[in-house]
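# Coordinate analysis (summary)
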Amino acid sequence: MTPPVGSSGAFPRLGFLEAMEMSRLAGVGNSNDAHQFMSHQPAWKPGAELPWGSGDKLSKSITADYFTTRAYGGHVYIQAPLAAVKVVEEDDEREKEASSKATAGKFGIHSMQGVFANPGHVDRPFIYQVSKLASGRNFQTCLVTARQPLQPSARPSGPFPESDSKLPLGPICFSCHVTFKRPALTFADLQLSSAQDRYASILAQRAPDEWDASPQLDIDLVKDAFPNAGHGAFPIVDMYKVDMTTFNAGKPVPERRELLLYRLHKPVPASDTNAHILCHAFEADRNGLIMLSNHLGWGYNLGVAASLSYTFIVHVNAEETVMSDGWWIQEVCWPRVSAGRGTLESRIWSPAGKHIASGYQDGIVAPREQKRGVEKL
């Protein structure tokens, strides 16, 4: 059987270790707290594997709006914290070697609070600078900024050569605070009833991978033109979208829900708990504000959907985020839409029904006829 357009059978897909490859750059400033890294693999480009030139399904003007060199925001959102992870883990290992004091476990990511300032592009690397803001025994904070060269790489399809780091850099395109904590004792463990319990009758209708693959661009215009187009080259996780049409029918937008089922595309060592946390955050950034446009009735008339800020908080000790067997669930809702902005809330549920993390995203969302005015806000 021929795989659907954009399926893993048609396009090579990378795992976390491949997609997030980076190297440390030497000679950054005069401070021991300044560290610089460069990415080597291009970020995924939403819709890049769709057959945009096939027939007359979409006009050239529509194609230009959605098929650009802009990178998937989830790439920089997790690679910037990954740079901070490398700094924190390396420093912690040195301190352990120099001290006889025992520590209670390794540092795990506690939160990532990111701000998107300028679009990222897929034809050049990201350059990350990491500075430690606070360095306690059990809690640490880093600031990470990301910039890109003003011109495309000499090897725009990647892997990017380290010589690209010498090119003149543009303005900061992304910045984030990343906090880390060591494992802690659980004195209370309270949560909502799990997604598995609340949506049991819907989830029982099909096996997880029998739902349609999560759309490469989850906007009605594109989905109708290319139904169930497959994963494309989307890296790191396999994602499937549960059909929530019947559940959402007649409900106001803030009470509607979307469910995404996911698991690792390629294995990640269980000992690398921070990598597993970043895989969850990578998945959680997918299509959120675009899905909101469909619920608002703008799926054929979307003017702009752009993330401004995104906070991802881990509620459990890092080892509880490790993905082995089973399917994880991202539960998505939009509790507030106002003033040209939309707020997205994600809850991440383990296969056993444990609420391990939450995401809170805010961004611009507006129909086409209001696009120009909103962009000036």
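Residues numbered from 1 in each chain as written. Predicted model: local features only at pLDDT ≥ 70, side-chain atom pairs only at ≥ 80, totals over all residues. Heavy atoms only, no water.

### Observations regarding empty space enclosed by the protein
As a reminder, the rule being used: Grid points spaced at 1 Å over the protein atoms alone were grouped into cavities, where a 1.4 Å probe fits but cannot get out, and pockets, open sets with protein on both sides within 12 Å along at least five of seven lines, with lining residues defined by an atom within 4 Å of a point. Grid points are joined across faces, edges and corners, and a volume is the space filled by probe spheres set on the points. Note that Gly is not counted as nonpolar here; it falls among the polar residues with everything else outside the nonpolar set of Ala, Val, Leu, Ile, Met, Phe, Trp, Tyr, Cys and Pro and the charged set of Asp, Glu, Lys and Arg.
A complete count under the given rule lists one cavity of 30 Å³ or more for this structure. In this model, the largest cavity occupies a volume close to 60 Å³. For the largest cavity, the full set of lining residues is K106, G108, I109, K181, R182, P183, V314, V316, N317, A318 and E319. Grouping the constituent residues of the lining of the largest cavity by class yields five nonpolar, two polar and four charged.

### A short note on helix 8 (residues 273–284)
Here is the rule: Numbered from the N terminus, helices here are DSSP runs of H or I no shorter than four residues, and strands are runs of E no shorter than two. Residue count minus one, scaled by 1.5 Å, sets the expected span of a helix. Note on classification: 1.4 Å probe, protein chains only; a residue is buried when its accessible area is under 20% of the maximum for its type, exposed when over 50%, partly exposed between these limits.
Between its first and last C-alpha, helix 8 extends 17 Å over 12 residues, near the 16 Å set by a 1.5 Å rise per residue. Burial of helix 8 is extensive: 12 of the 12 residues sit out of reach of the surface. Where helix 8 is concerned, the buried positions are T273, N274, A275, H276, I277, L278, C279, H280, A281, F282, E283 and A284.

### Looking at unusual backbone geometry
With an omega of -10°, the peptide bond running from G158 to P159 counts as cis. Locating P159 in the fold gives a position in the loop between strand 5 (139–147) and strand 6 (174–181). Positive phi, close to 45°, is recorded for N228, a residue that is not glycine. For N228, the position within the fold is in the loop between helix 6 (220–225) and strand 8 (237–241). By relative accessible area, which is 40% here, N228 ends up partly exposed.

### Focus on the layout of surface pockets
Where empty space is left becomes clear once a probe the size of a water molecule has been rolled over the atoms. Taken as a whole, the second largest pocket holds about 580 Å³ of empty space. Lining the second largest pocket are 27 residues, with D218, K223, K241, D243 and T245 sitting closest to its centre. Elements supplying a minimum of two residues to the lining of the second largest pocket: strand 7 (212–213), helix 6, helix 7 (245–248) and helix 9 (288–295). Grouping the constituent residues of the lining of the second largest pocket by class yields 13 nonpolar, six polar and eight charged.

### Describing helix 9
Burial of helix 9 is extensive: eight of the eight residues sit out of reach of the surface. Every buried residue of helix 9 is listed here: G288, L289, I290, M291, L292, S293, N294 and H295. Remark: G297 follows helix 9 within two positions and exhibits a positive phi of approximately 85°.

### With respect to the nonpolar core
Heads up, the condition is: Only buried Ala, Val, Leu, Ile, Met, Phe, Trp, Tyr and Cys residues count toward a nonpolar core, and they belong to the same one when joined by side-chain atoms within 4.5 Å. Here a residue-residue contact requires only that any non-hydrogen atoms of the pair lie within 4.5 Å.
Counting residues in hydrophobic clusters, the biggest one holds 79 residues, and the most contacted among them are F16, Y77, I78, F180, I236 and F312. In contact with Y77, other than residues within four places in its own chain, are M112, G114, F116, F174, A281, Y310, T311 and F312. Formed by 14 residues, the second largest nonpolar core is a distinct cluster that contains Y199, Y240, M244 and W327.

### Some words on the confidence of the model for the chain
Convention followed: Within a predicted model, pLDDT stands for the predictor's per-residue confidence, ranging from 0 to 100.
Looking at the chain, pLDDT values average 90 and 88% of them are 70 or higher. In this model residues 1–9 is a low-confidence stretch, pLDDT under 50, and it forms 23 contacts with partners more than four residues away in sequence or in other chains. Counted against residues more than four places away or in other chains, residues 371–377, with its pLDDT under 50, gives 10 contacts.

### Focus: the pattern of salt bridges
The cut-off we apply is this: Any carboxyl oxygen of Asp or Glu within 4 Å of a side-chain nitrogen of Lys or Arg constitutes a salt bridge here.
In the structure shown here, the tally under the stated rule is 18 salt bridges. With its nearest N and O atoms 2.8 Å apart, the salt bridge here joins E331 to R198. Placement of the pair is E331 in strand 11 (residues 328–338) and R198 in helix 4 (residues 195–198), with a sequence separation of 133 residues. The exposure class of E331 is buried, given its relative accessible area of 2%. When the shortest N-O distance is used, the salt bridge between E331 and R347 registers 3.6 Å. One end of the pair, E331, is in strand 11; the other, R347, is in strand 12 (residues 341–349), with 16 residues separating them in the sequence. Taken individually, E331 and R347 each receive the classification buried, so the pair is uniform in this respect. Beyond isolated ion pairs, a larger network of salt bridges with shared partners links R198, R257, E331, E345 and R347.

### Regarding the pairing of strand 12
Filter applied, for reference: Note: two strands are recorded as paired if DSSP finds a minimum of 2 bridges between them.
Most of strand 12 sits inside the fold, with seven of its nine residues counted as buried. Strand direction decides the pairing type here: strand 11 and strand 12, joined by eight bridges, are antiparallel. Directly across from C333, in strand 12, lies its bridge partner E345. Hairpin remark: strand 11 followed by strand 12, antiparallel, with two residues in the connecting loop; positive phi at A339, about 55°.

### Concerning the packing of aromatic side chains
The following threshold applies: Pairing of aromatic rings covers Phe, Tyr and Trp, the last through its six-membered ring, and needs centres within 6.5 Å; plane angles under 30 degrees mean stacked, over 60 mean edge-to-face, and all others mean tilted.
Tallied over the full model, the rule gives 12 aromatic pairs. Measuring from ring centre to ring centre gives 5.7 Å for W44 and Y72, while their planes differ by 80°; the resulting arrangement is edge-to-face. Here W44, found in the loop between strand 2 (34–39) and helix 2 (60–66), pairs with Y72, found in the loop between helix 2 and helix 3 (73–98); they are 28 residues apart in sequence, far enough to count as distant. Of the two residues examined, W44 and Y72, each falls in the buried class. Relative to Y128, the ring of F126 has its centre 6.1 Å away and its plane inclined at 25°; by these criteria the two rings are stacked. Grouping residues by exposure puts F126 and Y128 together as buried. Taken together, W44, Y72, F234 and F282 form an aromatic cluster joined through their ring pairs.

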